[in-house]
Protein chains: 2
Amino acid sequence: MTLSGVMQIGQEAVSGNSATITAVNPATGERLEPVYSGGSKTEVERACELADAAYGTYRETSLEERAVFLETVAAEIESIGDDLIERAMAETGLPRVRLEGERGRTCGQLRLFASVVRAGEWLDVRLDPALPERQPLPRVDLRQRHIPLGPVAVFGASNFPLAFSVAGGDTASALAAGCPVVVKGHSAHPGTSELVGRAVQTAVKACDLPEGVFSLLFGSGREIGQALVADPRIQAVGFTGSRAGGTALLATAQARPQPIPVYAEMSSINPVFLLPEALKTRGKAIAEGFVASLTMGAGQFCTNPGLVIGVKGEALDAFLAVAGDAVQKSAAQTMLTPGIHGAYQDGVGRLAGHAKVREVARGQAGEGPYECQAGLFAAAASDFLADDALQAEVFGASALVIECADGVEMQRVAESLEGQLTATLQMDDGDLDAARALLPTLELKAGRVLANGWPTGVEVCHAMVHGGPFPATSDSRTTSVGSAAIHRFLRPVCYQSLPQELLPEALKDGNPWGMSRLVNGKRKG
Amino acid sequence: MTLSGVMQIGQEAVSGNSATITAVNPATGERLEPVYSGGSKTEVERACELADAAYGTYRETSLEERAVFLETVAAEIESIGDDLIERAMAETGLPRVRLEGERGRTCGQLRLFASVVRAGEWLDVRLDPALPERQPLPRVDLRQRHIPLGPVAVFGASNFPLAFSVAGGDTASALAAGCPVVVKGHSAHPGTSELVGRAVQTAVKACDLPEGVFSLLFGSGREIGQALVADPRIQAVGFTGSRAGGTALLATAQARPQPIPVYAEMSSINPVFLLPEALKTRGKAIAEGFVASLTMGAGQFCTNPGLVIGVKGEALDAFLAVAGDAVQKSAAQTMLTPGIHGAYQDGVGRLAGHAKVREVARGQAGEGPYECQAGLFAAAASDFLADDALQAEVFGASALVIECADGVEMQRVAESLEGQLTATLQMDDGDLDAARALLPTLELKAGRVLANGWPTGVEVCHAMVHGGPFPATSDSRTTSVGSAAIHRFLRPVCYQSLPQELLPEALKDGNPWGMSRLVNGKRKG
């Protein structure tokens, strides 16, 4: 499939006039054709105008129409075939098997949202029928449903070029909610973005939807992203990326005459607590599992385990020895972009140069230009507690092991943590009391609490929470993975005494859509 | 019951050292004893510290314990008896029947939330059981529930001294969610606040809950409110009041190292659309209903109908004549505070002095110092569309009638509106097409859409939305009235592979709490 190097505004191919973007193969440093011309405010304006025009029609599509559209997007992505995988490999340095898996996840996610749309729980239908005889005052007829917020801006992430990018979780959940989407493609994988964008564009046409349901813009620097978030037609923002990037978008969104919600998934070091019995009994296996999770995908996951907390002693020393050995043997891996590699080098350098941190092990050095040489470091809990900078995320395969004097200090470390996406307990039956003591703190710090697993690997399902208190995300009340992600793009509307002819189908007498409804506060159907 | 003029921090009575607050009887201008000593940062610190300490225990109370607590608060408020009504009358100028009704609403609201707590829908329990045999990868066990955000700051509103104040909707829904509450009492009714605060305090003790579950602070000026919102232990804010006040709190909340959600219900002019058939057929009855809604409670409701839109012509002229006559005959009513009266006078003065606005009628002048003399004004739609200032809320019985050239201009007026709490259609069968054309716009502008009723009178039920796009509220995804208000104070947590012993009761195998659960995305029970 030939790449054209242009943006997609509705059904149109549009060439920009701003600074160009050229993808780089991070494995070789080679620049990849074609050159993408970046857009400007003009293209933002046009995409938002079309999105706004599409919103009225799109938001009132039937559940079946919308579900079929999401399924069509999935089918169109699959029909690109191997071209998509090869381009993504070249742009990201990620291996084939990982990208094939990610494509499966992306299409599975679109199909999950199709089923969520059909089930209609997201409409949160509530009926409080009129009570004309009620004393002292009658009650009028009141019905509620949720409606989509309006056009949504989505920022593609670099580390999941398919699952968190053009047709990733943010786009899928916003489209499922009934919101048109304007994507700002990530500059690290414009070719992959173009291919997926064209698949969505084709699906829009095949499903006879208004063209503004989807647009894809490119732009280097922050101009186009800031313009997108500031556009009065945009009503919500989905973002996965750095803390600096997320907070900048948040500031723009809050400074608008009409502030809008920003769902930014930003920064997490995903603490893992090694409880004493587990550490003593199976420290070696835990250390091996830990390093496998740490180094997977060069550690370029939001849920990478970057902090390990244990009680100082023989068992922890043994853990460190095994983990250090595994890290030392770990092969270098190509990182996603030169920028990420540079930031990783800086972060690891800061740890290595920190007076209170000791280097436990470094992985194998690489031969390519942008390879991640894994790092394992250690520090005393008292030093960790004294320096907030040691909580800064190092994006990539780098972890810090915190040595506590005892369980009390471990609890203190837990309490000192910023908000996280995940918190993990490595525990055995003998650790139940210790786990019970930590759990209330971990619930307050993280969106997901795990026992005896690793935080990498985020299941796309109904119970998933990929979210958490600030700075893990900008809105702890939400998740960006799983079916509940749809709620980010909805708001409730109440209809009082509306004639049947005017009521939305989901709210009409006789329940024509066969929805589960809350009637007088009791669930029906 | 003797008033003591002090704050309540947990179970302690605390006297402040900052500027004092003295309630004024707005009917007479008389200053009411006792003088309340305002608190400072010291008291904010202490209340937040206690709230934080109480949070761990309170958030894990059983559904039954928490429901009984809410019911006990209601019973304690009722047991104050007539002292509460008399003090509230003196502090607000509101009539007895209104305050008795409001007390009923307040206690009914607490009991509704008790039933909501027991039903447990708010926990949003989701289970995705492990699929060890799944290919290509097994699925781990994932379960989700919602947990309370943490201590909540609530700002009492002046216009509902019971239902939106110390133990009003924000407090009731936050306590129902499991959040301790620190109230900043409104300076207009400190005596009413003290009485209700003591009732909550007594209920906390009677239910053997940690004292920090509830505190009540006073303070003149903004210092104490800003300190409360800035306190790191506060995790969410409920506010009903002015746009200036709400946006100031929002700015403080967003500037924190960890930003928090603010639920501010601020400003709405509640447009009423007079559709042609209804206007022609029953314009007189509509005019009478309108003026009754407009002047009820001196117009001091968030949902007061401050904007009426019709098509210029005989029928609208007849409406204006009847409405003008009714306004002119309307008796003056005491307003809540000297400050509200002053702002009302300014707002009405701005309309009266506006070059493009004509005065249709003014109500009877009052004899007391702070009485509301209702105002009805009219302007051409073209002038309204040209001047955003005509959308500013005038809190009190004042309305502006917009004369449109035709239905197209009426649509344009609808599209020009800022976010609203409500939008109303006065319509007959012959207006169905016109209503259908307006409805999509109204849904985007308002949290509640009504037909043939009046927006004043907000039912406390499950389907209610008392919310809407900015500036009606700071978060259109929520409601501050009705059972769904509880969702403002919750966030999801996912538990992965946790042993049964560590899982919260609501998530355990066998469903010990008998909750409605979403299992693999399908509703069970």
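Residues numbered from 1 in each chain as written. Chains lettered and ligands numbered in written order. Predicted model: local features only at pLDDT ≥ 70, side-chain atom pairs only at ≥ 80, totals over all residues. Heavy atoms only, no water.

1. Points about helix H9 (residues 276–295) of chain A
Residue and element names in this part refer to chain A.
Move 1: Taking 1.5 Å per residue as the helical rise, H9 with its 20 residues ought to reach 28 Å, whereas the 24 Å between its terminal C-alpha atoms falls clearly short.
Move 2: Largest kink in H9: about 95 degrees, centred on Arg-282.
Move 3: Within H9, the full set of buried residues consists of Ala-278, Leu-279, Gly-283, Ile-286, Ala-287, Gly-289, Phe-290, Val-291, Ser-293, Leu-294 and Thr-295.
Move 4: A positive backbone phi angle near 55 degrees is found at Gly-297, which sits one or two residues after H9. (Helix = DSSP H or I, 4+ residues; strand = E, 2+ residues; numbered from the N terminus. Expected span 1.5 Å × (residues − 1). Bend = angle between axes of the 7 residues up to and from the residue. Buried < 20%, exposed > 50% of the residue type's maximum accessible area, 1.4 Å probe, protein only.)

2. Re the UniProt feature "domain: Aldehyde dehydrogenase" (unreviewed entry) in chain A
Move 1: If you check UniProt for "domain: Aldehyde dehydrogenase" (unreviewed entry), the listed places come out as residues 15–468 of chain A in our numbering.
Move 2: Its end C-alpha atoms 39 Å apart, residues 15–468 of chain A is made of 44% helix and 20% strand. (UniProt positions renumbered as here; feature names shortened; annotations may be inferred.)

3. Description of the pairing of strand S6 (residues 142–148) of chain A
All names here are of chain A.
Move 1: Across the seven residues that make up S6, a large majority, seven, are buried.
Move 2: With burial as the criterion, each face of S6 is covered, one bearing Leu-142, Gln-144, His-146 and Pro-148 and the other bearing Arg-143, Arg-145 and Ile-147.
Move 3: Two elements, S6 and strand S21 (residues 490–496), share seven bridges in a ladder whose sense is antiparallel. Across the sheet, residue Arg-145 finds its bridge partner in S21, namely Val-493. (Pairing = 2+ DSSP bridges.)

4. Focus on helix H3 (residues 82–92) of chain A
Residue and element names in this part refer to chain A.
Move 1: Along H3, the residues classified as buried are Leu-84, Ile-85, Arg-87, Ala-88, Glu-91 and Thr-92.
Move 2: If you follow the buried residues of H3, they end up packed against strand S3 (18–24), strand S4 (31–38), helix H2 (63–80), helix H4 (96–119) and helix H6 (190–206).
Move 3: Positioned one or two residues after H3, Gly-93 has a phi angle of 75 degrees, which is positive. (Contact = heavy atoms within 4.5 Å.)

5. Focus: the interface of chain B and chain A
Move 1: Facing 70 residues of chain B, the contacting portion of chain A comprises 70 residues.
Move 2: A buried area of about 5,700 Å², summed over both sides, lies between chain B and chain A, and 56% of it is on carbon and sulfur atoms.
Move 3: Of all residues in chain B, Glu-443, Arg-477 and Leu-502 of chain B give up the largest surface area on contact with chain A, accounting jointly for 13% of the area buried on that side.
Move 4: Taken together, the connections running from chain B to chain A amount to ten salt bridges.
Move 5: Glu-443 of chain B serves as the salt-bridge partner of Arg-59 of chain A, at 2.8 Å between the closest nitrogen and oxygen. (Buried area = accessible area lost by both parts, 1.4 Å probe. Salt bridge = Lys/Arg side-chain N within 4 Å of Asp/Glu carboxyl O.)

6. Here we look at the relation of the copies chain B and chain A
Move 1: Expressed as a screw transformation, the operator carrying chain B onto chain A has a rotation angle of 180 degrees and an axial translation of 0.0 Å, and the superposed copies differ by an RMSD of 0.0 Å. Such values leave the two copies arranged in the relation of a two-fold axis. Residue Gln-254 of chain B, judged by its C-alpha, is the member of chain B lying nearest the rotation axis, at 4.2 Å.
Move 2: By residue overlap, the copies meet face to face through one surface: 100% of the interface positions of chain B are interface positions in chain A. (Least-squares fit on C-alpha atoms with pLDDT ≥ 70 in both.)

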